[in-house]
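Analysis of the macromolecular model
Residue-level listing of the chains:
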Amino acid sequence: MLKLWPPDEAGDVDRAELERLYGYPDGPPQWLAMNFVSSVDGAVELGGRSRGLSNAADREVYPLGSRLADVLLVGANTAVVEEFRGVDPDAEHAALRERHGLAPVPRIAVVTTGRTLPPDAPVLTDVHVPTVVITCAAAPASLREQWAAAGAEVLVAGDEEVDFRAATGALAQRGLRRIHCDGGPRLFGSLLEAGLVDELRLTLSPMLVSGAADRIAKGAGIEPARLQLASVLAQDDTLMIRYLVQR
């Protein structure tokens, strides 16, 4: 794997440098990194799932963001479609987290208004540590009780819709300051609207797929956010790009 940017750091990338690039800064009280793989023409799915766009290069860098995070934030629809489960760390994964002073297993936080998260979803039931379900007061009380009965910690933030500032603040209060966000596009759009995204980690898969697939962010729209290019890596025909969101 080669680093192309910054130009004065161009060259081969070792494991330690990958961990530095795809880790989280120590200074800010919270850091939210958005992660996507997309085709070059902007599609975020192939055959209904993102994994069709992934490749060996993406699978080398993508797991680092989650393995170095305190919490993995995901939308309920993405969690169900992609069949998310709790992290089951192998020896290398456990050693990495111990070396960085992290809890043995990162938590998962699932965002839902109640319509897309069944209480028997694997993201709730097949986990080592309780999943946090982030929802709003409008979600039926009976459904919230079922999530809790499945072992989840239910966090209510907002009335009719999820209040993302309140939700991420509540995660920080639980010591979950390094946030690895898997999307999907509507969650990314909501987090952008709330001004909560610090970094975009984007793998450009060398494919053109056309069709009607979503783009990486979808929502009501925002005042265009300026980005600062932080790093570009290349392996074979794949580019892995990190941008910092300018406030």
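Anything mentioned here points back to the structure above.
Residues numbered from 1 in each chain as written. Predicted model: local features only at pLDDT ≥ 70, side-chain atom pairs only at ≥ 80, totals over all residues. Heavy atoms only, no water.

1. Observations concerning helix H8 (residues 185-193)
Counted only if it meets this: We call a residue buried when its accessible area falls under 20% of the maximum for its residue type, exposed when it is over 50%, and partly exposed in between, using a 1.4 Å probe and counting protein chains only. Numbering goes from the N terminus for both helices and strands, where a helix is a DSSP run of H or I of at least four residues and a strand is a run of E of at least two.
What H8 keeps buried is the set Pro185, Leu187, Phe188, Gly189 and Leu191. Once H8 finishes, Gly195 follows within two positions and takes phi at roughly 70°, a positive value.

2. Quick look at the packing of helix H2 (residues 56-67) against helix H4 (residues 91-99)
The condition is simple: Comment: axis = line fitted to C-alpha atoms, over the contacting stretch for helices; angle = value between 0 and 180 degrees taken between N-to-C directions. For this classification, under 35 degrees means roughly parallel, over 145 means roughly antiparallel, 65 to 115 means roughly perpendicular, and everything else is oblique. A clockwise turn of the near helix away from the far one marks a right-handed crossing, whereas an anticlockwise turn of less than a right angle marks a left-handed crossing. Contacts between residues were defined by any pair of non-hydrogen atoms, one from each residue, lying within 4.5 Å.
Contact geometry of H2 with H4 gives a least axis separation of 11 Å together with a crossing angle of 55°. When the axes of H2 and H4 are compared, the pair comes out oblique. Once H2 is placed against H4, the crossing between them reads as right-handed. Residue-level inspection shows Leu64, Ser66 and Arg67 of H2 in contact with H4, the latter providing His93, Leu96 and Arg97.

3. Points about the packing of aromatic side chains
Stated precisely, the cut-off is as follows: Aromatic contacts are taken between Phe, Tyr and Trp rings whose centres are within 6.5 Å, Trp giving its six-membered ring; a plane angle under 30 degrees counts as stacked, one over 60 as edge-to-face, and the others as tilted. Over a ring means this: the NZ of a Lys or the CZ of an Arg is within 6 Å of the ring centre and within 35 degrees of the ring normal.
In the structure shown here, the tally under the stated rule is one aromatic pair. Positioned over the ring face of Tyr24 is Arg201, at 4.9 Å from the centre of the ring. Directly above the aromatic system of Tyr22 lies the positively charged group of Arg242, at a separation of 6.0 Å from the ring centroid.

4. Quick word on the pattern of salt bridges
How we decide: By salt bridge we mean one thing: a side-chain nitrogen of Lys or Arg within 4 Å of a carboxyl oxygen of Asp or Glu.
A complete count under the given rule lists 14 salt bridges for this structure. A salt bridge links Glu153 to Arg107; its shortest N-O distance comes to 2.9 Å. Of this pair, Glu153 sits in strand S7 (residues 153-156) while Arg107 sits in strand S5 (residues 107-111), and the two are 46 residues apart along the sequence. Using a relative accessible area of 17% as the deciding quantity, one classes Arg107 as buried. Look at the salt bridges and you will find they share partners, linking Lys3, Glu9, Glu17 and Arg20 into a network.

5. Focus: a nonpolar patch on the surface
Stated precisely, the cut-off is as follows: Like charges are joined within 9 Å and nonpolar side chains (Val, Leu, Ile, Met, Phe, Trp, Tyr) within 5 Å, but only among residues with over 30% relative accessible area and no salt bridge; these make up the patches. Areas reported here follow the Shrake-Rupley algorithm with a probe of radius 1.4 Å; residue values treat only the protein chains shown as occluding.
On the surface, Leu2, Leu4, Trp5 and Leu239 cluster together into a nonpolar patch covering about 330 Å² of accessible area. Among the secondary structure elements, Leu2 is positioned in strand S1 (residues 2-5).

6. Concerning the pairing of strand S4 (residues 71-75)
Rule in force here: Should DSSP find at least two bridges between two strands, the strands are taken to pair.
Counting buried residues in S4 gives five out of five residues, a clear majority hidden from the surface. Neither face of S4 is open: one carries Val71, Leu73 and Gly75, the other Leu72 and Val74, and all of them are buried. Across five bridges, the pairing between S4 and S5 is parallel. Counterpart to Leu73 in the pairing with S5 is Ala109. As judged from the four bridges shared by S4 and strand S8 (residues 178-183), these two strands associate in the parallel manner.

7. As for a negative patch on the surface
Put simply, the test is: Within this scheme the basic residues Lys and Arg register as positive and the acidic residues Asp and Glu register as negative, but His and the chain ends are omitted. Every charge is mapped onto a representative atom, which is NZ of Lys, CZ of Arg, CG of Asp or CD of Glu.
Taken together, the side chains of Asp159, Glu160, Glu161 and Asp163 make up a negatively charged region of the molecular surface. Residue placement: Asp159 occurs in the loop between S7 and helix H7 (164-173). In this structure Asp159 comes out as exposed when scored by relative accessible area, which is 58%.

8. As for the pairing of S8
Among the six residues that make up S8, six are buried, leaving the element largely enclosed by the rest of the structure. Relative to S8, strand S3 (residues 31-39) runs parallel, the two being bridged by four bridges. Within S8, the residue paired with Leu32 across the bridge is Ile179.

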